[in-house]
Every structure is written in C-alpha cells, then in structure tokens.
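Chain residues, written in single-letter form:
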Amino acid sequence: MKEILEKVKRVFPLQNIKKQRENLYFVETEKIHLVSLITNLRDINGFKHLVLLTAVDRIENGVFQLTYLLNNDELKIDLGVRVFLDRENAEMESIHHLWKQAATYQRELREMFGINFSGSPRVDKAFILEGWDGMPPYRRDFDTLKYSEETYFPRPGRSTNDPAEYMKQKMYPDE
Amino acid sequence: MSKEHTEKRIVYSPDGEPIEIDPIKDYFEGGRPEIRNPRNGIIEKFANWARSESLWILGFGTGCGAIEMRPLMTPRFDAYRFGYQWRPTPRQSSVFVISGYLSVKTLKRVIRSYEQMQNPKFVVALGSCTINGGMYYDSYNTINRLDHYLPVDVYITGCMPRPEALLAGFDHLKRKIKEGRGEGANKYAENFDWYKANQKKIIKDWDIPDYNW
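Since this is a predicted model, take the numbers as computed values, not measurements. (Residues numbered from 1 in each chain as written. Chains lettered and ligands numbered in written order. Predicted model: local features only at pLDDT ≥ 70, side-chain atom pairs only at ≥ 80, totals over all residues.)

Peer 1: In this structure, what is going on with the interface of chain B and chain A? I would like to understand it.
Peer 2: Size of an interface: often given as the accessible area lost when the parts come together. Each partner contributes to the interface: chain B provides 19 residues, whereas chain A provides 18 residues. Residue composition of the side of chain B that touches chain A, grouped by class: seven nonpolar, seven polar and five charged. (Contact = placed C-beta atoms within 7 Å. Nonpolar A, V, L, I, M, F, W, Y, C, P; charged D, E, K, R; others polar.)

Written out as structure tokens, the structure reads:
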C-alpha cells in the first residue's frame, strides 16, 4: 500500500494520508485531480472495484465531503479517496464512464444532497423521493422534524422521556 | 420528473402489428367510489358472518412489519386455521394489512392497491408507525397517521407486535365485521374528497386518475 501511495504521490497532490488499518487508507485530493487520480488507481494500480461513493455534509466548513472507496482485489487493500466541494452550487465530475454503477450513486447524491453530476445517465430522474420539490433532505440545514410536523399530520399527545431519567424515577424514586 | 408510464405509446404485437396504448385510459378506471348500502336484516348478518370467517389478506408488505406475517403463515401460528389467507392480487383480497412504516412512495402504491380491492374491504394497521409515526415520527419521508389517508378498522400496537397480537387484532376485526361495523369502504366513499386532498398534499407527483378502481 505504502509503495502505491508513494508512486501516486509523485504525480498527484495527495494530502492528509491517514492509515485507518493495515489494509485501509484514506487520502484527500483536489477536485480537479480526482477523476484522473481514480483512473490512474484503477488502470495502473489495480483498484478495479468501486466499493461505494458517499457524501458527508460538513456544514461547519461549508463543504460536502465525497468519499470514493476503492478496492484492490489482488493485494486485498482498500483506499478511500476524499474530495471537498463547495456547498453552494455543489458540482462534481461524473465517473460513470469508469464504473457504470457509479451512475446510481450519483443519482442518489443528486437527490439527497443536491450535488450536481452533470452528464451522468438519468441523474435528474427521481430516485427515491418522487416529486420532491424542496431542499434535498440529507443537507444538515434541512429540519426534518419541522418538515414532518408541517406535512404529515402529527397525532397530538405524543410525549417522550429521557430513558435514563425515566428509569431512575421509576426504579429509585426516593433517591 | 418523468412520466413515461403514463405517456401514450405504440407497442408491436409478435406479428408486427402496431397497438396504440394510452395508459391513463387503458390501465386506469376513473370515476368515484360508490357507497354500498347494506342489505336488510338477516341477509346482511349472514353475509357479514361469511365475510368475517374468510378474511383474505393482500400480500403487500409495506414496512418491517411484513416480517411478522411470515410466522403467521407457517405452522407455529398457522393463521390459515382461522380462515385468513394471503392472496397475491388486490382483486382477490378483502383485508389490507399496512405492516409498519409507510413512505410516501409506498403510500401511492398502497392507495392504488386499496382502491382496486373489491368492497367490502378492511384495513388493519400494524405497529406504532401507522398510529403516530413510531420511531420515524420526525422522518421527512414517512407518514405519521394512517387514518388521514385510508380508513382504518383495527390498529395493532407494538413495535413490532408479536404474531399473537396480530391474531388478536384479526379476532377483533372479525367481531367488528360481525357486528356490522366494518364500514371502512363506505367511509372512504363518503369522505372521498377529504382523503384525496390529504393524499395529494404529500404525494406531489400525482399523475394517475383520482380513483383507480
């Protein structure tokens, strides 16, 4: 794994190389280098399998973090490539030409986070949320409780207890 | 959003003959639900007895509660001995078990299936998700109260209810039908506009006729 990263580092700017386990590393790179880096990893370094493509909303920094997790079957190692996008008008190059299944991930990210992958097949079609016209629900500034209360007729009389406090009251009322 | 499944199209038969298909006209039947008046006295009582003793359940699992219906079918709980059986199509069934949480996407299919069922029909809502949202009460995508979208006859509480609770619930439904109180389909027909307005409020891409019987 180390040799591969050293070799790749000579060509592409990699930051924050983080060792999670012996066989799992995470690296960060820049948005413009991502597709060529992944192509390099796939075609030259044997990371032939795209395990997943996922996003995290880092609202504190105003960015989305995309993670491309790649698997090298011969060496039994995984490499996660991370890239940060601006939250405003988030846009990313599509990688559906490398792995066809990436189109499905990208369609989901488009719907749930509003990240635009232009050129990806069927990316603007509804995936899970049919006819959704508001803010993408996985963004952290989307208030899901408020949305639910406004939309789904909450039944009055619902109450919740803090489990620890409630059980303490119930089991040891004198203390 | 795409509306391919409701667009007019031409398909070709095996002989190469073109067939024009207009899905809205050919696959859906519009109109409004009709109120069914009970027959008089003893005939209705006999009919209710017959209905309650052969409840046919639509095999449509909407949420995690569908898991609880599998042990009900198998020998340990064996619901078939009480006259319940699961049917593959809405046309053959009389009970719709809403098993657990309902997402908006599923609700659209549930409504279409419910409307396709023959009168008289009953709805059993299973689990706390159908009552007040359960653990998904703050979800952006699951409904909180089923009775705003479909007329519910029996609620079964629990998360998840055990198969015994389901049997008790079905037993309650049986009693309700025998007493002549299983009038969900009529309630739906009477308050059709209210139900439809609630349904359309959350299903924003309503692209089929209002009533799809």
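Once the structure has been displayed, the description carries forward.
Peer 1: I'm lost on the confidence of the model for chain B in this one. Help?
Peer 2: In low-pLDDT regions, the fine details of the predicted coordinates are not to be read closely. Per-residue pLDDT for chain B averages 89, and the proportion of residues at 70 or more is 99%. As scored by the predictor, the complex reaches a pTM of 0.86 and an ipTM of 0.81. (pLDDT = per-residue confidence, 0-100.)

Peer 1: What should I look at first to understand the sheet that holds strand β3 (residues 49-58) of chain A in this one?
Peer 2: Strand pairing in a sheet is mediated by backbone hydrogen bonds. Such pairs are either parallel or antiparallel. Residues and elements named next belong to chain A. An order of β1-β2-β5-β4-β3 is seen for the five strands of this open sheet, with the pairing classed as mixed. At either end of the open sheet lies a strand with only one pairing partner, and these are β1 (15-21) and β3. Averaged over all pairs of adjacent strands, the angle between their axes in this sheet comes to 20 degrees, without regard to strand direction. Alignment of strand β4 (residues 63-72) against strand β5 (residues 77-86), held across 10 bridges, turns out to be antiparallel. Following the sheet pairing, F64 is matched in β5 by L85. (Pairing = 2+ DSSP bridges. Helix = DSSP H or I, 4+ residues; strand = E, 2+ residues; numbered from the N terminus. Axes fitted to C-alpha atoms, helices over the stretch in contact; angles between N-to-C directions.)

Peer 1: Mind showing me how you'd approach unusual backbone geometry here?
Peer 2: Residue P120(B) follows N119(B) across a cis peptide bond; omega there is -15 degrees. Tracing the backbone through its elements, the reader meets P120(B) in the loop between α4 (104-116) and β6 (122-126). For the bond from C159(B) to M160(B), the omega torsion is -15 degrees, close enough to zero to count as cis. In this structure, N89(A) is a non-glycine residue whose phi angle is positive, near 50 degrees. When you line up the elements, N89(A) lands in the loop between β5 and β6 (91-93). Judged by the 9 C-beta atoms lying within 10 Å of it, N89(A) is exposed. We note that D78(B) has phi near 40 degrees; this positive angle belongs to a residue other than glycine. In this structure D78(B) comes out as partly exposed when scored by C-beta crowding, with 14 C-beta atoms within 10 Å. (Buried ≥ 20, exposed ≤ 12 C-beta atoms within 10 Å, placed from the backbone.)

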